[in-house]
Amino acid sequence: MRTRIFVPGPVLAVALLLSAGVRLSAEEAARGVIFRDVTEASGVDFAHPPSPDVEYIVETANGGVALFDVDRDGLLDIYLVNSLTARTADDPKNARSALYRNLGEGRFADVSEESGLAWPGWGTGVCVADYDGDGWQDLYVTGVEHNRLYHNESG
């Protein structure tokens, strides 16, 4: 039986940077610079759909994020949950969620479609747990109309 430990956000951010292989030059480290935009180089290309005409309070909340090792290769992968607007909610494919597999050295690959995690509907959050004790981390995605439990069948 594994014990789950809460990790504060800043600690998790540092862990993600380290696991992604982001390295600082000696000059950057000496200046105290610890952040630089590596979005394009990383391969993570994700955006929440804009909603200029917010009609309902639920439209102001975006989806969640989970950092977990989906394939047990020792690298943190990223799952980003998207959300919809009331006008686009009839077609859940308007807001694609995304799973990015960590390739190491700060690079990620979008594996959303083949993983089955691209279209959970109007997502509002996500949590990670090995709910069945098989050693593989599973996802529970919360949503406006329904929640989804995704069993990781990688093993």
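Cut-offs applied
Residues numbered from 1 in each chain as written. Predicted model: local features only at pLDDT ≥ 70, side-chain atom pairs only at ≥ 80, totals over all residues. Heavy atoms only, no water. Helix = DSSP H or I, 4+ residues; strand = E, 2+ residues; numbered from the N terminus. Areas by Shrake-Rupley, 256 points an atom, 1.4 Å probe, with all protein chains shown as cover. Pairing = 2+ DSSP bridges. Axes fitted to C-alpha atoms, helices over the stretch in contact; angles between N-to-C directions. Contact = heavy atoms within 4.5 Å. Polar contact = N/O pair within 3.5 Å; in protein donor to acceptor, adjacent residues only side chain to side chain.

**Q** Just checking my understanding: could you explain the overall build of the protein chain for this structure?
**A** Of the regular secondary structure elements, the protein chain holds four helices and seven strands. Listing each helix as α and each strand as β along the protein chain from the N terminus yields α-α-α-β-β-β-β-α-β-β-β. With an accessible surface of roughly 9,600 Å², the protein chain has 56% of that area assigned to carbon and sulfur atoms.

**Q** Explain the sheet that holds strand E3 (residues 98-104) here, please?
**A** Strands belonging to one sheet form pairs held by backbone hydrogen bonds; the direction of such a pair is parallel or antiparallel. Judged by pairing direction, the sheet is antiparallel, and its four strands sit side by side in the order E1-E2-E3-E4 without closing on themselves. Only two strands of the sheet have a single partner each, and these edge strands are strand E1 (65-68) and strand E4 (107-110). Averaged over all neighbouring strand pairs, the angle between strand axes comes to 25°, with direction disregarded. Alignment of E1 against strand E2 (residues 77-80), held across four bridges, turns out to be antiparallel. Bridge assignment links Val65 to a residue of E2, and that residue is Leu80.

**Q** Before we go on, may I ask you to explain the environment of Tyr100 in this structure?
**A** Along the chain, the position of Tyr100 falls in strand E3. For the pair formed by Tyr100 and Tyr79, sequence separation is 21 residues and the distance between their alpha carbons is 6.3 Å. Contact partners of Tyr100, with chain neighbours within four places excluded, come to Gly43, Val44, Asp45, Phe46, Asp77, Ile78, Leu80, Phe108, Ala109 and Asp110. Among the polar contacts listed, one links the side chain of Tyr100 to the backbone oxygen of Asp45, at a separation of 2.7 Å.

**Q** Help me understand the sheet that holds strand E5 (residues 123-129) in this model?
**A** Pairing within the open sheet is antiparallel, and its three strands lie in the order E5-E6-E7. What marks the edges here is a single partner per strand, and that holds for E5 and strand E7 (148-150). Sheet twist, expressed as the mean angle between neighbouring strand axes with direction ignored, is 20°.

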